[in-house]
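# Remarks on the overall topology
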Amino acid sequence: MSKGWYMVQTYAGYENKIEKILRMKLESGELDSNIVTDVLVPVEEVIEIKDGKKKTHKTKFLPSYIMLEMDLPDIGWKSTCSTVRRIQGVNGFVGTDPNVRPRPITDDEARKILVRCGRIKGEKTVRISSDYKAGDAVKIKEGAFSEFTGTVDEVYADKNKLRVMVQVFGRATPVELEITQVEKLVQ
């Protein structure tokens, strides 16, 4: 036996309900807490910037999936897996048939998901959702170029950054900024 993270596919929108049922089954002893050690619905924190206002909310980045951390035994694994599969709204374990022992995702895949969820201390990522696009006029709010205006040249959504062309001494100068350092000018 070795502990690993397993992916369970669910009906869309049932993730939180199934997580609650799994936790109740763990508390009641219907599921062995030595086998199923953790239940996780993969959510991330998203900062949405619209019209210069910040809103923070959590969103599921793997809809229709739940992660189970399990120390699945070689003998007796079927009873645990069938208890999970019988929950209304569960389609099954990802990548296996009901009569085949499920396989955990790789440690690297699990680590990426856990970091994105903020489960690994000191490595939480926050995704920033914005409506910036190339050509937008912006005003820089913070940093060395505070109060300068410029034009968005490129959006790096995966890094939460923008490249803004700013006029410095009469020349267009590219400046890389965090999305939170600028605000859109009304045109």
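Keep in mind that what you see is a predicted model, and the values were worked out from it rather than measured.

## Here we look at the overall build of the protein
Along its length, the protein carries 3 helices and 12 strands. Here the protein has a C-alpha radius of gyration of 23 Å; the compact-globule value for 187 residues is 16 Å, and the former is much larger. Projected onto the principal axes, the alpha-carbon positions of the protein cover approximately 75 × 25 × 25 Å. Per-residue burial over the protein gives 39% buried out of 187 residues.

## Some points on the pairing of strand 10 (residues 161–168)
Of the two faces of strand 10, the one lined by Leu-162, Val-164, Val-166 and Val-168 is fully buried and the one lined by Lys-161, Arg-163, Met-165 and Gln-167 carries no buried residue. Linking two consecutive strands that pair antiparallel, namely strand 9 (residues 149–156) and strand 10, is a turn of 4 residues; a positive phi of about 60° is found at Asn-160 within it. Here 8 bridges tie strand 10 to strand 11 (residues 171–178), and the two strands are oriented antiparallel to one another. Note that in strand 11 the partner of Gln-167 across the bridge is Ala-172. Count of turn residues in the strand 10/strand 11 antiparallel hairpin: 2 residues, of which Phe-169 carries a positive phi of about 55°.

## Here we look at the sheet that holds strand 8 (residues 137–140)
A sheet is described by the order of its strands in space; here 5 strands give the open sequence 11-10-9-8-12, paired in antiparallel fashion. Where the open sheet ends on each side, the last strands, each with one partner, are strand 11 and strand 12 (182–184). Along the sheet, successive strands turn relative to each other by an average axial angle of 40°, direction set aside. The pairing of strand 9 with strand 10 spans 6 bridges and is antiparallel. Note on strand 10: the bridge partner recorded for Tyr-156 is Lys-161.

## Observations concerning the sheet that holds strand 5 (residues 65–70)
Pairing is antiparallel across the open sheet formed by 4 strands, whose spatial order is 2-5-1-6. Strands with a single pairing partner mark the edges of an open sheet, and in this sheet they are strand 2 (36–40) and strand 6 (90–93). Strand-to-strand, the axes of this sheet are offset by a mean angle of 30°, without reference to chain direction. Relative to strand 5, strand 1 (residues 4–10) is paired through 6 bridges, and the arrangement is antiparallel. Note on strand 5: the bridge partner recorded for Met-7 is Met-67. Its contacts with the sheet place helix 1 (residues 15–28) against strand 1, strand 2, strand 5 and strand 6, and it is angled at close to 160° to strand 2. Taken strand by strand, helix 2 (residues 77–85) contacts strand 1, strand 2, strand 5 and strand 6, and its axis lies near 150° from that of strand 6.

## Notes on the environment of Thr-59
Turning to its location among the elements, Thr-59 is positioned in strand 4 (residues 53–60). Between the alpha carbons of Thr-59 and Glu-142 there is a distance of 28 Å; along the sequence they are 83 residues apart. Every residue in contact with Thr-59, bar those within four places of it in the chain, is listed here: Pro-42, Val-43, Glu-44, Val-46 and Arg-127.

## Focus: the pattern of salt bridges
The final tally for this structure, using the stated rule, is 15 salt bridges. In this structure, the salt-bridge partner of Lys-25 is Glu-30, at a minimum N-O distance of 2.9 Å.

Reading the values: rules and limits
- Residues numbered from 1 in each chain as written.
- Predicted model: local features only at pLDDT ≥ 70, side-chain atom pairs only at ≥ 80, totals over all residues.
- Heavy atoms only, no water.
- Helix = DSSP H or I, 4+ residues; strand = E, 2+ residues; numbered from the N terminus.
- Rg over C-alpha atoms; globule rule 2.2 N^0.38 Å.
- Buried < 20%, exposed > 50% of the residue type's maximum accessible area, 1.4 Å probe, protein only.
- Pairing = 2+ DSSP bridges.
- Axes fitted to C-alpha atoms, helices over the stretch in contact; angles between N-to-C directions.
- Contact = heavy atoms within 4.5 Å.
- Salt bridge = Lys/Arg side-chain N within 4 Å of Asp/Glu carboxyl O.

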